[in-house]
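Residue-level listing of the chains:
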Amino acid sequence: MDEDGNSSRNSTRRSILKGTGVLVAGGLLAGCTGQSGPDQTETATTTDAETVTETATSTATETTEANDSYSVSIEPVGDVEFDAVPETWVANNGSWADMGVALGLEPPKGVWLTSRYHTQYYDAIPGLSVDKSDMVSLYQDGVSKELFYELDADVHVMDPNFLMNRFKGWEQADVDEVDQNVGPMFGNCIYAQHYPWHEDYRYYTLYEGFEKLAQVFQRTDRYEAFVSLHDEFQTNLESVVPAEGERPSAAVLWGVGDEPESFYPYIIGGGTGFKHLRDLGVNDALADTDVKDFHGSRAAIDLETLLEVDPEVLMLRGYEAKTRDEFENTVVSSLQNHDTASALTAVQNDDVYRAGGLYQGPITNFTLTQRTAEELYGVESQLYDAEHVADIVNGDI
């Protein structure tokens, strides 16, 4: 790695000679009958290491011959060369995992924390589901280098600086070892923009990162289809977002426990984790206060401090595993019955909502933005074409 944090990466340690590496969504997307499961999976296979067979899908998909190498560049890792399209992969988090789902890939073998990859968001898309029962959490009371060997993925879609700066024991030599002996790291930490170690190299927007991943897996046709769908979505949002002076002011907080009395505060920033709130024009109730963002401070605030801010709306993270009813019956109910919390304007006006997870890809951004628009602005119309999402994932572009 040079002084600018860039390096030129070599190809994966092995040539991938099992066809195109392009898989039908199978396991992810069921057919029109509404059934789902592994029996829906079709994969590209070959009987000759020198021959690239066509995929079982009838759709047009970009492919790469097994003996054709290509490279894709992303900061901070630089150019990464691939001997062929990767077949197995590991994702840093749900942002990148969701991008893979959107490209019709098999799920990643591992993500940072499986509990924070909220696959229930796919319930909003007809026939789409992701089975993460065999998916491994990379973080297990630390991050083991040996686990990368066990997963044996062709590519690791993660920012190596995240590993080296957030966890003791990881140094450049360890990253290089995984890169050379297992598979390259390829990624950028895009979900939040508050880490000081990320200040000297660029961030990517959700769709910029999505484009890079599409190039890695040679599925830019699906990426381009999502870009068109996203453009339509943005146009539809313009008609439902109130004028600037009429938009609510919300505090984004991570609640501690089901009866929260302390919270980790988040300033609405430029990362992908806040895209739905930015797109909906939500004002940040914490931005002009003395409350510091959790990413930098790692500190919590109590209910008394929150009452001083007294935001119009509370957007609470940490509760995505709960349904709306479960959230109401536990978290919201506890705030309503608490002496201090019950004095909050948001609690009194029933404006307490789940904020969405930390990680967003193209599909989860659609579903979270739709949900939040319904809650904040009373939107009743569908703002994106869920059937079209399913079609793109399945390669019916």
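Because the structure is a prediction, the values reported are computed rather than measured.

Undergrad: Would you mind going over the side chain of Asn93 in detail, with residue names and values included?
TA: Structurally, Asn93 is set in the loop between β3 (89-91) and α1 (94-102). A distance of 3.2 Å separates the side chain of Asn93 from the side chain of Asn92, its partner in a polar contact. Engagement of the side chain of Asn93 in a polar contact is seen with the backbone nitrogen of Ser95, the distance being 2.9 Å.

Undergrad: Tell me about the packing of α1 against helix α12 (residues 362-377), residues and numbers included.
TA: Two elements in contact, α1 and α12, have axes whose closest approach is 6 Å; the angle formed by their N-to-C orientations is 105°. Comparing the axis directions of α1 and α12 gives the class roughly perpendicular. Contacts between α1 and α12 involve Asp98, Met99, Val101 and Ala102 from the first element and Pro362, Ile363 and Thr364 from the second. Residues of the contact of α1 with α12, tallied by class, amount to 5 nonpolar, 1 polar and 1 charged.

Undergrad: Would you mind going over the environment of Glu87 in detail, with residue names and values included?
TA: If you trace the backbone, Glu87 turns up in the loop between β2 (78-82) and β3. For Glu87, a relative accessible area of 23% translates into the label partly exposed. Through-space distance from the C-alpha of Glu87 to that of Pro108 is 9.8 Å; in sequence the pair is 21 residues apart.

Undergrad: Give me the packing of aromatic side chains: which residues, what numbers.
TA: Per the stated rule, a full pass over the model turns up 23 aromatic pairs. Ring geometry for Tyr319 and Phe327: centres 5.6 Å apart, planes at 50°, overall tilted. This pair shows no difference in class: Tyr319 is buried, exactly as Phe327 is. An aromatic cluster is built from Trp112, Tyr139, Phe162, Phe167, Tyr191, Tyr195, Trp197 and Tyr359, whose rings are joined through pairwise contacts. The residue whose ring lies beneath Arg166 is Phe167, and the NZ or CZ to ring-centre distance is 5.7 Å. For the cation-ring pair, Arg317 lies above Tyr266, with the distance from its terminal atom to the ring centre recorded as 5.2 Å.

Undergrad: Can you break down the nonpolar core residue by residue, with the values?
TA: In terms of nonpolar packing, the biggest core is built from 96 residues, with Trp170, Phe226, Met315, Ile363 and Val389 touching the most fellow members. The residues that make up this core include at least three from each of domain 1 (68-235) and domain 2 (242-379). With residues up to four places along the chain from it excluded, the contact list for Phe226 reads Ala102, Tyr207, Phe210, Pro362, Ile363, Phe366, Val389, Ile392 and Val393. In terms of nonpolar packing, the next biggest core, distinct from the first, is built from 22 residues, Leu253, Val291, Leu344 and Val352 among them.

Undergrad: Lay out unusual backbone geometry with the relevant residues and their values.
TA: The amide bond that connects Glu75 to the next residue, Pro76, takes the cis arrangement and shows omega of 5°. Positive phi is not limited to glycine here, since Arg298 has a value of about 55°. The class of Arg298 is partly exposed, set by a relative accessible area of 40%. The backbone of Asp350 shows a phi angle near 60°, a positive value even though the residue is not glycine. Take Asp350: it is sitting in the loop between α11 (345-348) and β12 (352-354).

Undergrad: Residue-level account of the pattern of salt bridges, with values.
TA: Within this structure, the stated rule accounts for 7 salt bridges. A salt bridge links Asp279 to Lys275, with the nearest nitrogen and oxygen atoms 2.9 Å apart. Residue Asp279 and its partner Lys275 are both found in helix α7 (residues 275-279); the two are separated by 4 residues, about one turn of the helix. We classify Lys275 as buried; its relative accessible area is 9%. A salt bridge links Arg324 to Glu328, with the shortest nitrogen-to-oxygen separation between them at 2.2 Å. Here Arg324 pairs with Glu328, and both are found in helix α10 (residues 324-336), just 4 residues apart, close to one helical turn. Arg324 sits in the partly exposed class, given a relative accessible area of 23%. Within the structure, one salt-bridge network assembled from shared partners comprises Lys145, Asp174 and Glu177.

Undergrad: Give a detailed account of the pairing of β2, specifying residues and quantitative values.
TA: The sheet contact formed by strand β1 (residues 70-74) and β2 spans 5 bridges and is antiparallel. Within β2, the position partnered with Ser71 by the bridge is Glu81. The turn joining β1 and β2, which pair antiparallel and follow one another in sequence, is formed by 3 residues.

Undergrad: Tell me about the packing of α1 against helix α5 (residues 206-216), and name the residues and values.
TA: It is the contact of α1 with α5, at a shortest axis distance of 10 Å, that shows an interaxial angle of 60°. In terms of their interaxial angle, α1 and α5 are classed as oblique. Every pair of crossing elements has a handedness; the one defined by α1 and α5 is right-handed. Listed contacts from α5 to Trp96, Met99, Gly100 and Ala102 of α1 are Leu206, Gly209, Phe210 and Leu213.

Reading the values: the criteria
- Residues numbered from 1 in each chain as written.
- Predicted model: local features only at pLDDT ≥ 70, side-chain atom pairs only at ≥ 80, totals over all residues.
- Heavy atoms only, no water.
- Helix = DSSP H or I, 4+ residues; strand = E, 2+ residues; numbered from the N terminus.
- Polar contact = N/O pair within 3.5 Å; in protein donor to acceptor, adjacent residues only side chain to side chain.
- Axes fitted to C-alpha atoms, helices over the stretch in contact; angles between N-to-C directions.
- Parallel < 35°, antiparallel > 145°, perpendicular 65-115°, else oblique.
- Contact = heavy atoms within 4.5 Å.
- Nonpolar A, V, L, I, M, F, W, Y, C, P; charged D, E, K, R; others polar.
- Buried < 20%, exposed > 50% of the residue type's maximum accessible area, 1.4 Å probe, protein only.
- Phe/Tyr/Trp six-rings, centres within 6.5 Å; stacked < 30°, edge-to-face > 60°.
- Lys NZ or Arg CZ within 6 Å of the ring centre and 35° of its normal.
- Core = buried A, V, L, I, M, F, W, Y, C linked by side-chain atoms within 4.5 Å.
- Domains from an automatic or database assignment.
- Salt bridge = Lys/Arg side-chain N within 4 Å of Asp/Glu carboxyl O.
- Pairing = 2+ DSSP bridges.
- Left-handed = near helix turned anticlockwise from the far one by under 90°.

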